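# Observations on the three-dimensional arrangement
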Amino acid sequence: MSVLDNYFKLGEHGTTVRTEVLAGLTTFLTMAYIMFVNPSILGDAGMPKGSVFVATCLIAALGSVLMGLYANYPIAIAPGMGLNAYFAYVVVLGMGYTWQAALGAVFVSGCLFLLVTIFRIRDQIINGIPASIRVAITVGIGLFLALIALKSAGVVVESKATLVTLGDLHSPSVILFTLGFFLIVVLDRLRVPGAILIGILAVTVASFIFGGNQFQGVFSAPPSIAPTFLQLDIKTALSSGFLNVVLVFFLVELFDATGTLMGVAKRAGLLVPGKMERFHRSLLADSGAIFAGSLLGTSSATAYVESASGVQAGGRTGLTAVTVAVLFLACLFIAPLAGSVPAYATAPALLFVACLMLKELTEVDWADTTEAIPAAITAVMMPFTYSIANGLAFGFISYAAIKLFTGRAREVHWMVWIIAALFLFKFAYIGGH
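The name that an unreviewed UniProt entry assigns to the protein chain is NCS2 family permease, with the source organism given as Comamonas koreensis. Per UniProt, the comment on the protein chain under Sequence similarities (unreviewed entry) is "Belongs to the nucleobase:cation symporter-2 (NCS2) (TC 2.A.40) family. Azg-like subfamily." For the protein chain, the Subcellular location (unreviewed entry) comment in UniProt is given as "Cell membrane".

Written out as structure tokens, the structure reads:
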């Protein structure tokens, strides 16, 4: 115990081993849903679900260990929601690229992310992007996730007349999805740890009884990671038509990871003068996790906002994150259970996360239309074009154009002009998607 106390400085932070371990368990329960959701989403892109499950658990363990041992922060890392959907449904299924090429794009964006972090220009880039666009990215991804969730459950289906319409509300998948969603909302409201995980498992159990799902067992040796390990196609990722995909991965990683790190660290009282060096270490830890994730075979990893639940439970040091890592490693042996989870069982979790992401709308200055309109365009274009990239493109272009034509061009940071010009060039000479 004294070794742990000395390394993690438990006494200095007013915490104990017991408190940190319990905080780690709390964080794990609130984010464990990713080991079921990520293989389900990336599996739709043709990736082997068993290998993705192993990659998800490994990168969650590796990223969290890096954060815990190197930065001594109580923040866990795992493949991020939103970018896994962009990876599968837009880049692979929408644009027609292979999942190997999409992994290549994650790798290239991870390298860029690592470089801007090492040279400490990450904050400069973030400060250059308008706050309204940053908020809109979160909201747009939330709307995009909501559409994917409703489609996966069969609540929303295709219609030639109206593009989308209401599905069969009497189908077992829709009924179980609805019950699962309300269960998650109620449990979360009652502050039950692991509300999302409980919801996924409850619908999965019900699917064996009412949905015709086949039980494959719970425990087994971990599947092979060979089908996804080092399978990335970097050459395609560096081709001219693919650079906008890399840009989207990079920008969303930038805002999502940094915003989460700052928010949770501030909540834990760690963003104080004299301790900022640890914050820079945390930035390096999450950057390294993206890089490693692409090699293992999963979409971009990021710091998890669910880490705030562990902080709320008293977690103040990296021992919390290390506890999360150990628990994810232990989960490597429940692959059959993960493979039995149907899409409509993870859909309630997607919709719940999506609803929470919409609260960011309150941060937009609706009195200033030069800020509010580009934000709204960014958010709505993501689900309506089924592309995070298109939402970003229209958002940056409209922001620059509206500021220019209203005589407020001086308010626009040079970074916005560059990004808007890149997207304009892409639309003009490369085409849509």
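The rest of the description comes next.
Another aspect to go through is the pairing of strand E3 (residues 163–166). Summarising the sheet, strand E2 (residues 156–159) and E3 pair through four bridges and their orientation is antiparallel. Across the sheet, the residue bridging to Ser159 is Leu163, located in E3. Hairpin connection from E2 to E3: three residues lie between these consecutive antiparallel strands.

Next up on the list: the environment of Val108. In this structure, Val108 sits in helix H6 (residues 99–118). We classify Val108 as buried; its relative accessible area is 14%. Each residue touching Val108, except ones within four places of it in the same chain, is listed here: Ile234, Ala237, Leu238 and Val246.

Next up on the list: helix H8 (residues 131–153). With 23 residues, H8 extends 34 Å between its outermost C-alpha atoms, agreeing within 8% with the 33 Å of an ideal straight helix rising 1.5 Å per residue. A positive backbone phi angle near 90° is found at Gly154, which sits one or two residues after H8.

With that settled, the discussion passes to the side chain of Thr56. Structurally, Thr56 can be placed in helix H4 (residues 49–71). Within polar-contact distance, the side chain of Thr56 engages the backbone oxygen of Val52 at 2.7 Å. Ignoring sequence-local partners within four residues, the contact set of Thr56 consists of Ile34, Met35, Asn38, Pro39, Pro79 and Thr298.

Right, let's get into unusual backbone geometry. Located in the positive-phi region is Asn72, a residue other than glycine, with phi close to 55°. Relative to the helices and strands, Asn72 is located in the loop between H4 and strand E1 (77–79). Here Asn72 falls in the buried class, since its relative accessible area comes to 10%. Non-glycine residue Leu230 carries a positive phi angle of around 55°. Structurally, the position occupied by Leu230 is in the loop between helix H10 (195–210) and helix H11 (234–237). A relative accessible area of 49% places Leu230 in the partly exposed class.

So, on to the packing of aromatic side chains. Evaluation of the coordinates by the stated rule reveals seven aromatic pairs. When the centroid spacing of 6.2 Å and the interplanar angle of 90° are considered together, the rings of Phe113 and Phe250 count as edge-to-face. In this pair, Phe113 is assigned in helix H6 and Phe250 in helix H12 (residues 243–267), connecting sequence segments 137 residues apart. Judged by its relative accessible area of 0%, Phe113 falls in the buried class. On the basis of relative accessible area, Phe250 is assigned to the buried category, the value being 10%.

Calculation criteria
- Residues numbered from 1 in each chain as written.
- Predicted model: local features only at pLDDT ≥ 70, side-chain atom pairs only at ≥ 80, totals over all residues.
- Heavy atoms only, no water.
- UniProt positions renumbered as here; feature names shortened; annotations may be inferred.
- Pairing = 2+ DSSP bridges.
- Helix = DSSP H or I, 4+ residues; strand = E, 2+ residues; numbered from the N terminus.
- Buried < 20%, exposed > 50% of the residue type's maximum accessible area, 1.4 Å probe, protein only.
- Contact = heavy atoms within 4.5 Å.
- Expected span 1.5 Å × (residues − 1).
- Polar contact = N/O pair within 3.5 Å; in protein donor to acceptor, adjacent residues only side chain to side chain.
- Phe/Tyr/Trp six-rings, centres within 6.5 Å; stacked < 30°, edge-to-face > 60°.

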